Amino acid sequence: MLSAAHDILRHQRTPGNQSHAVLLADILPTLLIKLLAPFGLHLLPYSPRVLVCGVCAAGSFLVVAFSHSVGTSLSGVVLASISSGLGEITFLSVTSFYPRAVISWWSSGTGGAGLLGALSYLGLTQAGLSPQHTLLSMLGIPAILLTSYFFLLTSPAPQDPGGEDEAEAAARQPLMRTEALDPKPDSSSKLSFQEKWTIFKSLLPHIIPLVLVYFAEYFINQGLFELIFFRNTSLSHAEQYRWYQMLYQAGVFASRSSLHCCRVRYTWTLALLQCLNLGFLIAVMWFHFLPSIYLVFLIILYEGLLGGAAYVNTFHNIALETSDRHREFAMTAACISDTLGISLSGALALPLHDFLCHLS
């Protein structure tokens, strides 16, 4: 949806360049879901949650593809946001039932999803497919999501299996029933409010750096990408924007897949580097001192590397430092980090974009 922001609003002839409206429609529903999740989402079994994710994802593609107004298009983006936000909380919580190494594979998968989304949209539109047909071609993705969860993903091994054969059989059972992932007897559903507040406060050293990282990188993505435009290239303005998105996602995918070879204990260093990156690109946008778009390509790739590394290392560190009893709630609560940073950046990118366009 963010890769399609340019084309969605251009198709409806929206005055100005308002892709930050797409960003807010994409992130605010996710923010609401993540704010409310720690207080009651655990009461809803995992399988219905996944089903809602798949239905909303398919609905978002259909609504936007056949939309004839900005409002309808943005409502389709809202559906995508519900699918994304609910899905992230659900699957990160599910990792608490599996070995800690699963977090690395989850992070790699999310990075790959971002790259696949941006690259497929770029490739299909560059090949001549219309934005409408490109979105409709993505309808197979929600079906793959549901098939993977209900038929391929295996149940976690029981805590106290009766024997090796029983444990192996249980591990091979697909998650076809809503009770396949019932909360553990001592899981977050049994935590008191005071315990949850104590856990949340202990997570702040992890949450705050990740908020800063995402604030800086999405301020770049949605506040500066459209304003960093090179005329000495064969790429159009829209094509440059798509390449920025694709390279950012490539960096995210690479770093989210790097946990086994590179681990960062102090994620505040990544936050500092990303904020410096933001300051440098603001200077690039304002003074136009870089001679080539390829230098910007390298900086955006580096931006994605920092963002992906912050994400995977934050959740890996949380998994290492929390007890089994607290891990499910900790994963759910920490999910607010990236969404809060993106929401703040979207709110500030709106007036900044209008101010800079007015100056020009």
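The coordinates are above.
Residues numbered from 1 in each chain as written. Predicted model: local features only at pLDDT ≥ 70, side-chain atom pairs only at ≥ 80, totals over all residues. Heavy atoms only, no water.

## A look at the packing of aromatic side chains
Using the criterion set out here, one finds 15 aromatic pairs in the structure. Plain terms: the ring middles of Y149 and F150 are 5.1 Å apart, the flat faces sit at 90° to each other, and that makes the pair edge-to-face. The exposure class assigned to Y149 is buried, which follows from its relative accessible area of 4%. With a centroid separation of 6.2 Å and 85° between ring planes, the pair formed by Y218 and Y248 is classed as edge-to-face. Of this pair, Y218 sits in helix α9 (residues 193–224) while Y248 sits in helix α10 (residues 237–256), placing them 30 residues apart in sequence. (Phe/Tyr/Trp six-rings, centres within 6.5 Å; stacked < 30°, edge-to-face > 60°. Buried < 20%, exposed > 50% of the residue type's maximum accessible area, 1.4 Å probe, protein only. Helix = DSSP H or I, 4+ residues; strand = E, 2+ residues; numbered from the N terminus.)

## As for a nonpolar patch on the surface
Nonpolar side chains collect at one region of the surface, where Y266, W268, L272, L273, L276 and Y302 lie side by side and expose about 650 Å² of accessible area between them. Here the element with the most residues in the nonpolar patch is helix α11 (residues 268–287); it accounts for four residues. (Patch = residues over 30% accessible without salt bridge, like charges linked within 9 Å, V, L, I, M, F, W, Y side chains within 5 Å. Areas by Shrake-Rupley, 256 points an atom, 1.4 Å probe, with all protein chains shown as cover. Salt bridge = Lys/Arg side-chain N within 4 Å of Asp/Glu carboxyl O.)

## Focus on unusual backbone geometry
Within the chain, H288 stands out as a residue other than glycine whose phi angle is a positive 55°. Locating H288 in the fold gives a position in the loop between α11 and α12 (293–321). On the accessibility criterion, H288 (55% relative accessible area) is exposed.

## A word on the side chain of H206
Looking at the secondary structure, you find H206 in helix α9. H206 has contacts with R265, T314, N317, I318 and E321, leaving out every residue within four places of it along the chain. (Contact = heavy atoms within 4.5 Å.)

## As for the pattern of salt bridges
Under the counting rule described, the total for this entry stands at six salt bridges. Measuring nitrogen to oxygen at the nearest pair gives 2.4 Å for the salt bridge that ties K34 to E88. Residue K34 is located in helix α2 (residues 19–40), and its partner E88 is located in helix α4 (residues 70–94); the two are separated by 54 residues in the primary sequence. Classification of E88 as buried rests on a relative accessible area of 12%. With a shortest N-O distance of 3.2 Å, D338 and K34 are connected by a salt bridge. Here K34 lies in helix α2 and D338 lies in helix α14 (residues 336–359), a separation of 304 residues in the sequence. Here D338 and K34 have matching classes, each one buried. Three or more residues are tied together by salt bridges with common partners; here these are K34, E88 and D338.

## Side note on the environment of P156
In this structure, P156 sits in the loop between α7 (140–152) and α8 (164–171). Between the C-alpha atom of P156 and that of T95, which follows or precedes it by 61 residues, the distance is 9.6 Å.

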